[in-house]
Amino acid sequence: MAKTAKTSEFLIFLHEALLDGSLVKLSLGHYTGKEEGLKQIHIRRITVKRQEVLSFTYRYKTRDIVKNFPFAEAEEKIEALLGKDFLTASLFTTAFDLSYEGQKNTLKKTPPSHKEVPAASHDHAKVRQLDTKGNWLHALGITDADGHVKKDAQDKFRQIDKYIETLAAQLKDIAVKDGLRVVDMGAGKGYLTFALYDYLTTKLNIKAKVTGVEYRQDMVDLCNKIARDVGFTGLGFVQGAIDDYDSTGVNVLIALHACDTATDDAIAKGIGAGADLIVVAPCCHKQMRREMEARKAAGPLDVVLRHGIFMERQAEMVTDGLRALLLEYQGYSTKVFEFISDAHTPKNVMIVAVRNPKAKRHDPAILQKIEETKDFFGIRQHQLEKNLERVL
Ligand SMILES: C[S@@+](CC[C@H](N)C(=O)[O-])C[C@H]1O[C@@H](n2cnc3c(N)ncnc32)[C@H](O)[C@@H]1O
């Protein structure tokens, strides 16, 4: 569809909203372009390193990609897409809402649904989810007695906050009838377990029972003491192996940086319980690497895989790609994405799986893809498959 007077008018309204600072957000929808899986683009104004930019979140079927552009470049991009690859657009400003319908070639202006422009500071947005006055943050050494994040704990706090921001988006789709039953596998020192409990009960006012499962007795004792001290009555920690935990009745299963195949133990527990939401951030991928090592010289991938660093990266991608496929085979919709910049932690890939009651379970096409992938990389059995044989 060619550029029309309506798209030009839309672009003028956008330009003015950028100039007078009234832009709230913008989205492009009804994608007709060629890029596989792309559905929408959501655009908002943010400040990065003191420069105002438009942040584009490209929403694909199974992942999101974020790119930031200076205003002029962003406007050019929108102009190139509007009415061509994307047939609808919605502009929200504090003065009006404006929707463009490409197929009818119409523009509709309606009263504003937002009264305020959201905070544009990227850094500010990162620290909004949690109240730094939380006593548990002080007890775990993240903040000082006045609630200021300590210098050496800035990265950890950013990670915790970003984790909550990411989970918050997923939790919106979970039905909370009689409260949530959450388990955090491999809870460690409990930073993320406390953060989630605090967020669910203090911010969302949800009745939640949250349990951290952890090998190390000293961590379990410390966390239980802090939970008692700060009055988190629905939060508890138990000592034991993930694989031995009875996950019956769990709605939300989390496992962040549970080493190697402990992530598979956790995912299997989530699937076995029929959890609505499973969120894992894997760490070290030794099992797949060992399997791939055995075959690497024989295959065409040798040129890449004989280099240790590439083998490590490939093992990570194959392990997590197969995890996502195995979850899809069990009726989950999955997304794999970086949840925090690798400047804060290299263990920054997250797999989010949402149980999809409408999805076809045990789809033979997915099984075939799993088998073909394993065959290509010389993998006999993924640990998650072994675990699933036991729990299902
Ligand atoms: C790297 S720490 C991560 C802690 C926390 N989840 C985080 O992201 O900050 C991994 C923790 O998982 C525990 N862990 C690893 N494998 C486990 C298993 N199979 N069962 C129980 N705990 C396990 C370890 O003892 C360790 O405390």
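Overview of the structure.

### Comments concerning the pattern of salt bridges
Step number 1: Under the definition given, this model contains 14 salt bridges.
Step number 2: As a salt-bridge pair, Asp218 and Arg216 come within 2.7 Å of each other at their nearest N and O atoms.
Step number 3: By relative accessible area, which is 44% here, Asp218 ends up partly exposed.
Step number 4: Among the salt bridges present, the one from Asp264 reaches Arg323, with a minimum N-O distance of 2.7 Å. With Asp264 in helix 8 (residues 262-273) and Arg323 in helix 11 (residues 308-329), the pair connects residues that are 59 residues apart, well separated along the chain. Neither Asp264 nor Arg323 differs from the other in exposure class; each is buried.

### A short note on the packing of aromatic side chains
Centre-to-centre distance and the angle between the planes together describe a pair of aromatic rings.
Step number 1: Tallied over the entire structure, the rule returns 10 aromatic pairs.
Step number 2: A ring pair is formed by Phe56 and Phe69, whose centres lie 4.9 Å apart and whose planes are at 85°; its orientation type is edge-to-face. Of this pair, Phe56 sits in strand 3 (residues 51-60) while Phe69 is found in strand 4 (residues 64-70), placing the two residues 13 residues apart along the sequence.
Step number 3: The buried category is assigned to Phe56, whose relative accessible area is 0%.
Step number 4: On the numbers, 6.2 Å between centres and 35° between planes, the contact of Phe194 with Phe232 is tilted. Pair noted here: Phe194 is in helix 6 (residues 191-203) and Phe232 is in the loop between helix 7 (217-229) and strand 10 (235-239), with a separation of 38 residues, a long-range link. For the pair formed by Phe194 and Phe232, the shared burial category is buried.
Step number 5: An aromatic cluster is built from Trp136, Phe194, Tyr197, Phe232 and Phe237, whose rings are joined through pairwise contacts.
Step number 6: The ring of Tyr58 carries the charged tip of Lys67 above its face, separated from the ring centre by 5.4 Å.
Step number 7: The ring of Phe96 carries Lys109 above its face, with NZ or CZ at 4.5 Å from the centroid.

### Considering the environment of Arg361
Step number 1: Here Arg361 is to be found in the loop between strand 14 (349-355) and helix 12 (364-377).
Step number 2: Remark: the alpha-carbon pair of Arg361 and Tyr332, spanning 29 residues in sequence, is separated by 8.4 Å.

### Regarding a nonpolar patch on the surface
Step number 1: The grouping of Val303, Val304, Ile309 and Phe310 at the surface amounts to a nonpolar patch, some 320 Å² of accessible area in total.
Step number 2: Position of Phe310 among the secondary structure elements: in helix 11.

### Some remarks on the pairing of strand 4
Step number 1: In this structure, strand 3 lies alongside strand 4, joined through seven bridges in antiparallel fashion. The partner of Leu54 across the bridge, within strand 4, is Phe69.
Step number 2: Here strand 3 folds back onto strand 4, and the loop between the two strands holds three residues.

About the thresholds
Residues numbered from 1 in each chain as written. Predicted model: local features only at pLDDT ≥ 70, side-chain atom pairs only at ≥ 80, totals over all residues. Heavy atoms only, no water. Salt bridge = Lys/Arg side-chain N within 4 Å of Asp/Glu carboxyl O. Buried < 20%, exposed > 50% of the residue type's maximum accessible area, 1.4 Å probe, protein only. Helix = DSSP H or I, 4+ residues; strand = E, 2+ residues; numbered from the N terminus. Phe/Tyr/Trp six-rings, centres within 6.5 Å; stacked < 30°, edge-to-face > 60°. Lys NZ or Arg CZ within 6 Å of the ring centre and 35° of its normal. Patch = residues over 30% accessible without salt bridge, like charges linked within 9 Å, V, L, I, M, F, W, Y side chains within 5 Å. Areas by Shrake-Rupley, 256 points an atom, 1.4 Å probe, with all protein chains shown as cover. Pairing = 2+ DSSP bridges.

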